[in-house]
Amino acid sequence: MPRRALSQEERQLVLFTWNSRTADYGTERCLHHLVERQAAARPDAPAVRCAGEGLTYGQLNRRANQLARLLVHRAGVRPGVLVALCVHRSLDMVVAILGILKAGGAFLPISATYPRERVDFMLKDSAAPVLLTQQQHRAGLPEFAGLTLTLEELSAQLDKQDASNPDLQVAPSDLAYVIYTSGSTGTPKAVLLEHGGTYNTAA
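Residues numbered from 1 in each chain as written. Predicted model: local features only at pLDDT ≥ 70, side-chain atom pairs only at ≥ 80, totals over all residues. Heavy atoms only, no water.

Caption draft 1: Spotlight on the overall build of the chain. The number of helices and strands found in the chain is 8 helices and 8 strands. Against the globule reference of 17 Å for 203 residues, the chain gives a C-alpha radius of gyration of 21 Å, more extended than a compact globule. Dimensions along the principal axes, computed over C-alpha positions, put the chain at roughly 80 × 45 × 35 Å. Within the span of the chain, comprising 203 residues, buried residues form 41% of the whole. A sequence separation of at least 24 residues applies to 63% of the contacts in the chain between residues at least 6 apart. Of the accessible surface of the chain, which amounts to about 12000 Å², a share of 51% is contributed by carbon and sulfur atoms. Counting 21 positive and 19 negative side-chain charges, the chain places the averaged centre of each group 5 Å from the other. (Helix = DSSP H or I, 4+ residues; strand = E, 2+ residues; numbered from the N terminus. Rg over C-alpha atoms; globule rule 2.2 N^0.38 Å. Buried < 20%, exposed > 50% of the residue type's maximum accessible area, 1.4 Å probe, protein only. Contact = heavy atoms within 4.5 Å. Areas by Shrake-Rupley, 256 points an atom, 1.4 Å probe, with all protein chains shown as cover. Lys, Arg positive; Asp, Glu negative; His and termini not counted. Charge placed at Lys NZ, Arg CZ, Asp CG, Glu CD.)

Shown next, in the form of structure tokens:
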């Protein structure tokens, strides 16, 4: 069969229509909006499991909403406020991360296994005004000039908080989290990540 050139319509279809990279991410482009969307559509679907325990999307979203309200009222968390987070891997860690984001803040993950000197550097270099941790880790953390809160002391107040989605203005350009790399010179270096770019990766 003789070959023929593509028509203009066929060329448009092959080169552009089939290769379109346009994606509709909606107008809400923050990480916690992904969970809120799932919680509204599938509240009873499993969201996270750890050590034999689990939370549905509805449960995760409600607990994070309650924590977010406490962080706003107790610690003044809002867009641009960095919350250092030293919590072991657990359901509580996921709730804490989501609660910080829903409050408008950004989180700085700190492992309790890090050398004390590294943690001290990260806290001072980031100038995080709030440290959220667990009671078991407090003794191993360096002196912190900001406000330290434990999940244990907040948990007693969670059930008294409104469990609906907080009506806070968080923009895709707001900071979502900060991570520290090892750094080519041996000194950790901060990498700042916004909601928008991370949302596009996860959505």
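Next, the rest of the story.
Caption draft 2: Looking closely at the side chain of Asn65. Within the fold, Asn65 resides in helix α3 (residues 57-75). A relative accessible area of 0% means that Asn65 is categorised as buried.

Any link to function would need more than the numbers given here.
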